[in-house]
Amino acid sequence: MLSYQHVFHAGNHADILKHYVLSFVLNSLNKKEKAWTFIDTHSGSGLYDLYDNRSRKTQEAEKGILKLLENKAQPQELELYLNTIKPYLEKNFYPGSPLIEKAFLRQQDFLFLSELHPAEYQNLLQAAGKEKNIKVKNQNGFNLLKEITPPVTKRGAVLIDPSYEEASDYEILSQTVNAVFKKWTNGIFMIWYPLLAHRKTEIEEMLNSIKENVYKINKNTEIADLQLCVADKDSHIEKDLQSILDDKDKKNPPRLYGSGMLVINSPWHLKEEGQKVCEYLSGLFYR
């Protein structure tokens, strides 16, 4: 489906978790001079205006990144992420994952961006610029991932962040990751997923399928599964079900009670530091 537009949610608590992990992984890759390949399967527009009417309507940035910046007691673990996005925030914009990836990109590295939504794709082209080592594709991100893996430069990572608008998205994601990991066992796989009470079964089946497949190939693979909860899960079950019944036109999707980042071949210390970050953010955003 092509109805999802991230501008409504830019800078929310889920973006903070996702982009903290993304910054950590990219920084880890840059600790060596050897080139890397990065694939972003669902790139979005790349840059979001926090004064856009759509962003102001939901006020998710105010409850997310702007609230975080107001808090002076930020943990050191968030410093890299915040320093990366601050140049954009100073101009009232929030950078999507492509611009964070671009901030860490070196001359020897390669970045593949994919976005299927026509308007988002056009915005992404402008945000990405014309660097020779950045390729922007207007195609299904899962298909792109399967087509170009293993990449010529096998050292690298992938960020997978679909809209999860359909229940089938969870199974498609797990099938794609399981197929690609067999070809690219040394790649770092970052998978963002929503925490939705009414999708509990689909989420668990997706995560279990991926973990079982990874450990079957290599039982020593390091996996980090970080979850940021910003509301009580049980209280959301009844609300989610009622909202689905009331919203016959599907204009108001159920609200997240949090989100997660599953990282396969997790870099050293991400699991420990990420857990500290999640505990801090949960305390800041819990409602």
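Not measured: the values here are computed from a predicted model.

Re the sheet that holds strand 9 (residues 258–264)
- Pairing is mixed across the open sheet formed by 7 strands, whose spatial order is 5-4-1-6-7-9-8. Taken across any chain shown, the strands that pair with only one partner, and hence form the sheet edges, are strand 5 (134–137) and strand 8 (223–229). Pairs of neighbouring strands in the sheet enclose a mean axial angle of 10 degrees, with direction left out of account.
- Bridging between strand 1 (residues 37–40) and strand 4 (residues 110–114) involves 4 bridges; their strand directions are parallel.

Concerning the pairing of strand 6 (residues 156–160)
- The buried fraction of strand 6 is high, at 5 of 5 residues.
- Side-chain alternation along strand 6 places Gly156, Val158 and Ile160 on one buried face and Ala157 and Leu159 on a second face that is also buried.
- Here strand 1 pairs with strand 6 via 4 bridges, running parallel. In the strand pairing of strand 6, Asp40 is matched with Leu159.

Thoughts on the side chain of Ser266
- Secondary-structure assignment places Ser266 in the loop between strand 9 and helix 12 (270–285).
- With a relative accessible area of 9%, Ser266 lands in the buried category.
- Those residues in contact with Ser266 that sit more than four places away from it in its chain are Glu222, Ile223, Ala224 and Lys271.

Thresholds applied
Residues numbered from 1 in each chain as written. Predicted model: local features only at pLDDT ≥ 70, side-chain atom pairs only at ≥ 80, totals over all residues. Heavy atoms only, no water. Pairing = 2+ DSSP bridges. Helix = DSSP H or I, 4+ residues; strand = E, 2+ residues; numbered from the N terminus. Axes fitted to C-alpha atoms, helices over the stretch in contact; angles between N-to-C directions. Buried < 20%, exposed > 50% of the residue type's maximum accessible area, 1.4 Å probe, protein only. Contact = heavy atoms within 4.5 Å.

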